Each structure stands twice: as structure tokens, then as C-alpha cells.
Amino acid sequence: MTTAITDSHTAYFAFRDRLLGELRTTVLTGEQLCEAGRLIYGRPEGLSLYGIPAPRMESAGIRLLGRTTIECCVDGYAVAVADALAEIHTTLPERAGKEEPLVLDLFCGSGNFSHHLGTRLDVVVHAAELDLDVHTATRHNLDRVGARTQLHLGDYRDLLGKHPARGPRDTYFVEPPWGPAFTPAGLDLTRTSPPVPEILDEVRRSRDGLPCLVAIKTNDHIAHDSLHHSFAGAQHLRTVTPAPTLPFGANMDFHVYRLDGN
Ligand SMILES: C[S@@+](CC[C@H](N)C(=O)[O-])C[C@H]1O[C@@H](n2cnc3c(N)ncnc32)[C@H](O)[C@@H]1O
């Protein structure tokens, strides 16, 4: 039993290296997508985006690059976090005139999180993606599933600059690439690219002192208390912990904070 678990985890880490290496900008085949689902989530259907599980992605015309397959936030997780945010929104005052809150996905990758959050909150989400290959695949997929997301090709700071604060329900999803932040000592949020504290400063700057909500994806092993340090002065509201499928340090967690403007 122990050997089987170890073998499957070894296979996961080897496949992860290929997805972030030689297959980084390659559109995966249906077979590769099913293999990713099996190795990451324990079954092919565990990899599911835009409501489409891996075994149906190829026939549905979904294009996923290697890097996005490992970086993405799958349906089960996106729906759980969108539900948590929707519940938190009901505790916060609406803006006069009932203008919809501003919702920005600053590092959107597959755009799956934006798609589910926009659907759950019934708002148009504005999403930034810097990488042309990722953007092209995501544009294709969002068109394919009829998502309302407004996808922007460029840096997250451009998106912030275009969208001033509206009210206290404004929500930002923050998930920059991890790269060297993924260390044996855990995920160091001061070493993501860009670092999380820098991103939060940019969000605050764009809001002229108005509070907002920030959701962030991490793994289940944080290095040097860097989540706590990055969100110093913010109020922790919720943590969503999906059932683990991988060894400690490789599973996903999501956290929601209320960020004050100053
Ligand atoms: C970890 S992935 C996000 C995954 C995403 N949440 C999903 O569900 O698919 C980070 C993404 O941010 C993009 N990115 C990196 N730097 C960026 C920047 N400065 N502005 C906008 N996007 C950026 C990367 O190309 C990558 O696709």
C-alpha cells in the first residue's frame, strides 16, 4: 500500500516537471489530460474546467497548455471558493444604486476561477493574463463555453489602473506564478513572481484607501509564516481546504481576507 502511494506520488512529481518543462506551452492531448487528472486528483474527472471533465475536454475543443494544467484552479475548488465569497458578500453593504461589485482576477491562467466566480456572483469578471500563449488558449476556451469574462492581455497592474474602486464587496483573486517560491520549506509568498506583498500594495494603491476582499490560492505548507506576514493588518475571513489528494505541501488551500485601504 505504502509503495503504491509512493509510486503514484513519484509519478506525479515527474509529470509535474514535464508539464512545467517540455510541455509548458504545448496543448495537451486528451490522454495527457486524463493522466494529469489521475495523477493530481486521483481520477481523470478530477481535472475539470469550465464544467468539462478531462475525458470530455478534447472532444469539447478545450485547449490546455502543460503549465496551465498544473497551475489551474479546477471546478470543485473554484465553486467552493466562489460560494464562500458569495456568502461573505451578503454580509457587506451594497453600493447605492446597486452597481455590481468590481471583481478582478489578476493572474487568470485558464480563467476557470473567473468563470465560476462571475457565474456565482452574476457579475462580469475582468481578468488579466500576461503570457500570450496562455491568453490565446484561454480566449479560445472562454469563447467555447460562452463565458462573460472580460479577458485582458497584459500585466495585472494595467488592469488595476483601469478599474477604480467601487465598494466594499470589490473582490480580487491573487494567484501569481510560484516558481522559486515553491521550496522544500513550503510556499514562500514573498518569493512568488511578483511577490504577494508587492501585489497587495498595488491593490491598495489602486483603491484610494477603500477596503476590499482578496482571495488567494496557496498550498498546504506555508514557509516562514509568509501568508500571515503578507496579509499583516488584514482581517482573515475564511480558509477553504479541499480534501488532499497529494503529499503534504502539494495540495491546495484558499484564503479570503478583508484588506483595508491603508
Ligand atoms: C498560477 S497561474 C494562475 C492560474 C489560474 N488561477 C487558473 O485557475 O488557471 C498564474 C498566471 O499568471 C500569469 N502572469 C504572470 N505574471 C503576470 C502578470 N504580471 N500579470 C498578469 N498575469 C501574469 C501567468 O502567465 C500564469 O498564467
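Residues numbered from 1 in each chain as written. Predicted model: local features only at pLDDT ≥ 70, side-chain atom pairs only at ≥ 80, totals over all residues. Heavy atoms only, no water.

Asks: Is there a simple way to think about the nonpolar core in this case?
Replies: Note that soluble globular proteins tend to have their nonpolar side chains buried in a common cluster. Ranked by size, the top nonpolar core spans 78 residues in total, and within it Leu47, Leu106, Tyr172 and Phe231 carry the most contacts. Per-element accounting of this core gives the leading share, eight residues, to helix α5 (residues 75-89). When residues are assigned to domains, this core turns out to be shared by domain 1 (7-71) and domain 2 (75-261), each giving three or more. Apart from residues lying up to four places away in sequence, leucine 47 is in contact with Leu33, Ala36, Gly37, Tyr41, Ile52, Pro53, Ala54, Met57, Thr69, Cys72 and Val74. (Core = buried A, V, L, I, M, F, W, Y, C linked by side-chain atoms within 4.5 Å. Buried < 20%, exposed > 50% of the residue type's maximum accessible area, 1.4 Å probe, protein only. Helix = DSSP H or I, 4+ residues; strand = E, 2+ residues; numbered from the N terminus. Domains from an automatic or database assignment. Contact = heavy atoms within 4.5 Å.)

Asks: Can you help me understand the site of the ligand in this one?
Replies: For the ligand, the set of nearby residues contains 20 residues, the closest of which are Cys73, Ser110, Glu129, Asp155 and Glu175. Residue arginine 67 places a side-chain N or O atom 3.3 Å away from an oxygen atom belonging to the ligand. Aspartate 155 places a side-chain nitrogen or oxygen 2.8 Å from a nitrogen atom of the ligand. A total of 600 Å² of accessible area belongs to the ligand in isolation, and the protein chains cover 95% of it. Put simply, the parts of the chain that give the shell around the ligand at least two residues each are α4 (66-71) and β4 (126-129). For the shell around the ligand, a count of residues per class yields 11 nonpolar, three polar and six charged. (Near = heavy atom within 4 Å. Polar contact = N/O pair within 3.5 Å; in protein donor to acceptor, adjacent residues only side chain to side chain. Areas by Shrake-Rupley, 256 points an atom, 1.4 Å probe, with all protein chains shown as cover. Nonpolar A, V, L, I, M, F, W, Y, C, P; charged D, E, K, R; others polar.)

Asks: Where do I start with the sheet that holds strand β5 (residues 150-153) in this structure?
Replies: Adjacent strands of a sheet form backbone hydrogen bonds with each other and so pair up, either parallel or antiparallel. Spatial strand order, β5-β4-β3-β6-β9-β11-β10: seven strands in an open sheet with mixed pairing. Every other strand in the sheet has two partners, leaving β5 and β10 (235-240) as the edge strands with one partner each. Adjacent strand axes in the sheet meet at a mean angle of 20° when their direction is disregarded. Pairing of β10 with strand β11 (residues 252-259), which is carried by five bridges, proceeds in the antiparallel orientation. Directly across from threonine 239, in β11, lies its bridge partner histidine 255. (Pairing = 2+ DSSP bridges. Axes fitted to C-alpha atoms, helices over the stretch in contact; angles between N-to-C directions.)

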